[in-house]
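Report on the structure
Residue-level listing of the chains:
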Amino acid sequence: MNVWITVKSLGKRKPALAKQAAELPETTSTLRLLIENMVEQQVKAFRERKDAAGMLVYLMPEEIDAQGATGKVGFGMMRGEGVPDLGEAKEAAILAYEDGLYKVFLNDEELEDLDQPLKIEDGAHVTFIRFTMLAGRLW
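Described below are features of the structure shown in this document. Computed from a predicted structure; not experimentally measured. For every chain, the first residue of the written sequence is number 1, and numbering continues from 1 onward in sequence order. Totals for whole chains, interfaces and linings use all residues, but because this is a predicted model, local features are given only for residues with pLDDT of at least 70 and pairs of side-chain atoms are given and counted only at 80 or more. The side-chain figures draw on all heavy atoms in the structure; neither hydrogens nor water molecules are used.

1. Examining the overall build of the protein chain
Strands are runs of DSSP state E lasting at least 2 residues, helices are runs of H or I lasting at least 4, and numbering of each runs from the N terminus. Scanning the protein chain from terminus to terminus reveals 3 helices and 5 strands. Secondary structure elements in the protein chain, listed N-terminal to C-terminal, are β-β-α-α-α-β-β-β. Three labels apply to residues, based on accessible area from a 1.4 Å probe with only protein chains included: buried if under 20% of the type maximum, exposed if over 50%, partly exposed otherwise in between. Expressed as a percentage of its 139 residues, the buried residues of the protein chain come to 24%.

Below, the structure written as structure tokens:
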């Protein structure tokens, strides 16, 4: 099924990730599976970008315009040698959710329980809101 994904950070006007289409397996029936499937897609995309970084990269004018619309124009070069472990990335994402570092909304309704059954329909809108840590003195 296809859904629309948006990632936002509090305190920023523009979303960190513009509304993008993502394909989820039909078996995505809980928030935990939704998070794990999104992590899997992101790790896969990261590995593909890392593998493609060694090739000669140039941007066409339409690519510059498309990237400019999202707020960042770049060649997509990857720094560092680390390749994320999928299992660890999934565990970290679930732990971050449990610790309250981000919230997930499905069609403007907050999803709270990781294992509560949910029905995601084709074309649904999923929003991830990241909370930023405040710098300064602890109370």
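2. Quick word on the packing of aromatic side chains
Between rings of Phe, Tyr and Trp, where Trp is taken as its six-membered ring, a pair exists when centres lie within 6.5 Å; planes separated by under 30 degrees are stacked, by over 60 edge-to-face, and by other angles tilted. What the rule picks out here adds up to 2 aromatic pairs. Through a chain of ring-to-ring contacts, the aromatic side chains of Tyr97, Tyr102 and Phe128 assemble into a single cluster. Charge-over-ring placement is defined geometrically: NZ (Lys) or CZ (Arg) within 6 Å of the ring centre, and within 35 degrees of the ring normal. Above the ring of Trp4, the side-chain terminus of Lys19 is found at 5.2 Å from the ring centroid.

3. Here we look at the nonpolar core
Nonpolar side chains in soluble globular proteins tend to be buried together. Core analysis: the largest hydrophobic core is formed by 26 residues, its most contacted members being Leu31, Leu34, Ile35, Val104 and Ile120. At 6 residues, helix α1 (residues 31-52) tops the list of elements feeding residues into this core. Contacts of Ile35, omitting those with residues within four sequence positions, involve Ala93, Ile94, Tyr97, Tyr102 and Leu114. Residues belong to one nonpolar core when they are buried, are Ala, Val, Leu, Ile, Met, Phe, Trp, Tyr or Cys, and are joined through side-chain atoms within 4.5 Å. Here a residue-residue contact requires only that any non-hydrogen atoms of the pair lie within 4.5 Å.

4. Points about the side chain of Thr6
Looking at the secondary structure, you find Thr6 in strand β1 (residues 2-9). Classification of Thr6 as buried rests on a relative accessible area of 5%. In terms of polar contacts, Thr6 uses its side chain to reach the side chain of His125, at 3.1 Å. By the criterion applied in these results, polar contacts are pairs of N or O atoms within 3.5 Å in which, for protein atoms, one can donate a hydrogen and the other can accept it, and in which residues neighboring in sequence qualify only through two side-chain atoms.

5. Some remarks on the environment of Lys103
Within the fold, Lys103 resides in strand β3 (residues 102-106). Between the C-alpha atom of Lys103 and that of Thr127, which follows or precedes it by 24 residues, the distance is 8.1 Å. Here Lys103 is in contact with Tyr97, Glu110, Thr127, Phe128, Ile129 and Phe131, once residues within four sequence places are set aside. A distance of 3.4 Å separates polar atoms of two side chains, one belonging to Lys103 and the other to Glu110.

As far as function goes, none of this settles anything; it's purely spatial.
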